[in-house]
Amino acid sequence: MAGIVQFENVGLRYGQGEEVLRDVTFALAPGEFYFLTGASGAGKTSLLSLLYLAQRPSRGIIRLFGEDVVTVPRKRLPGFRRRIGVVYQDFRLVPHLSVADNVALPLRIAGADESDVAEAVREMLAWVGLSHRAAASPETLSGGEQQRVAIARAVAGRPELLLADEPTGNVDEAMADRLMQLFASLNGLGTTVVVSTHDPQLLRQVKAAQLMRLADGRLLDPTGALRFPPARVSMA
Ligand SMILES: Nc1ncnc2c1ncn2[C@@H]1O[C@H](COP(=O)(O)OP(=O)(O)OP(=O)(O)O)[C@@H](O)[C@H]1O
């Protein structure tokens, strides 16, 4: 398999507007860690939304886990989404579920045993420093706390692909370090990770990470490393 994700000449426009993504071609190798960078408005969230199948591209080919997801019947999309963990920029927690039940959601959808669910939720909430808020309603949490719940939920099911949109935008530096360690640990277990960020500090945190740079809807790939990724890059 050439990659866990492949884009070929992908374009995206909203309505009748100009294309906000243009001629985007790349492949992501399984098990790698990628940072997606670019100025505000460059298209990072739009690119991630194609990856988590929130919309279809206006043109081009997208393959996920080796399958063409542009022409796949809609009823098969949930099967792909279950293999992906997403940290949305606006968190998207379920308001009528407790913090613990939000984190448990992907595990329950995957049919995990309740005892495994309870243990995973405990472990994840401890990691993001929110054990004491397990029973709380998401609306009673600060923005940074909600972001940490969203991260715990995305990571809990050990997805094959993790997509995180500005996941440390609302937390302090010490918590950002801790969350990046969580992503790096998940990556160490084999998850392919894509983190979008403006923050140059974060880029220094994961040494073996590769950079995807977007500028005005185009992916900059001067060395061709994203188009023709090595089969496996050393994590040293
Ligand atoms: N739903 C939408 N309808 C119309 N235009 C949109 C929509 N979402 C994004 N855009 C436009 O697409 C372009 C790329 O936006 P996008 O949110 O993908 O950029 P970004 O790099 O994630 O920015 P930021 O770092 O500010 O979140 C922008 O010009 C934006 O105005």
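Preceding this paragraph is the structure being described.
It should be emphasised that the depicted structure is a prediction, and the values quoted were computed from it without experimental measurement.

Parameters at a glance
- Residues numbered from 1 in each chain as written.
- Predicted model: local features only at pLDDT ≥ 70, side-chain atom pairs only at ≥ 80, totals over all residues.
- Helix = DSSP H or I, 4+ residues; strand = E, 2+ residues; numbered from the N terminus.
- Contact = placed C-beta atoms within 7 Å.
- Near = placed C-beta within 6 Å.
- Nonpolar A, V, L, I, M, F, W, Y, C, P; charged D, E, K, R; others polar.
- Expected span 1.5 Å × (residues − 1).
- Buried ≥ 20, exposed ≤ 12 C-beta atoms within 10 Å, placed from the backbone.
- Pairing = 2+ DSSP bridges.
- Axes fitted to C-alpha atoms, helices over the stretch in contact; angles between N-to-C directions.

1. Regarding unusual backbone geometry
Here's step 1: Phi at Phe-65 takes a positive value of approximately 50°, unusual for a residue other than glycine.
Here's step 2: Here Phe-65 shows up in the loop between strand E4 (59–64) and strand E5 (67–68).
Here's step 3: With a phi close to 50°, Glu-166 is a non-glycine residue in the positive phi region.

2. Some points on the environment of Ile-61
Here's step 1: Residue placement: Ile-61 occurs in strand E4.
Here's step 2: For the pair formed by Ile-61 and Ser-46, sequence separation is 15 residues and the distance between their alpha carbons is 15 Å.
Here's step 3: Residue contacts for Ile-61: discarding those within four places in its chain leaves Glu-8, Asp-68 and Val-70.

3. A short note on the site of the ligand
Here's step 1: Around the ligand sit Tyr-14, Val-20, Gly-38, Ser-40, Gly-41, Ala-42, Gly-43, Lys-44, Thr-45 and Ser-46, and those are all the residues in its vicinity.
Here's step 2: Tallying contributions element by element places helix H1 (residues 44–51) first for the shell around the ligand, with 3 residues.
Here's step 3: In the shell around the ligand, the residues fall into 3 nonpolar, 6 polar and 1 charged.

4. Re helix H5 (residues 143–156)
Here's step 1: Taking 1.5 Å of rise per residue, the 14 residues of H5 would be expected to cover 20 Å, and the 20 Å separating its terminal C-alpha atoms lies within 8% of that figure.
Here's step 2: For H5, the buried fraction is high: 12 of the 14 residues fall into the buried class.
Here's step 3: Within H5, burial applies to Glu-145, Gln-146, Gln-147, Arg-148, Val-149, Ala-150, Ile-151, Ala-152, Arg-153, Ala-154, Val-155 and Ala-156.
Here's step 4: If you follow the buried residues of H5, they end up packed against strand E6 (84–87), helix H3 (99–109), helix H4 (114–127), strand E7 (161–165) and helix H6 (173–188).
Here's step 5: Downstream of H5 by one or two residues, Arg-158 has phi in the positive range, about 45°.

5. Overview of the sheet that holds E7
Here's step 1: Reading across from one edge, E6-E7-E8-E3-E9-E10 is the order of the 6 strands in this open sheet, with mixed pairing throughout. This sheet does not close on itself; its edge strands, each paired only once, are E6 and strand E10 (218–220). Each neighbouring strand pair of the sheet contributes to a mean axis angle of 20°, computed without reference to strand direction.
Here's step 2: By the bridge criterion, 4 bridges tie E6 to E7 in an arrangement that is parallel. Among the inter-strand pairings, Ile-84 is bridged to a residue of E7, identified as Leu-161.
Here's step 3: Sheet contacts for H1: strand E3 (33–37), E7, strand E8 (192–196) and strand E9 (210–215); angle to E7, the most-contacted strand, approximately 155°.

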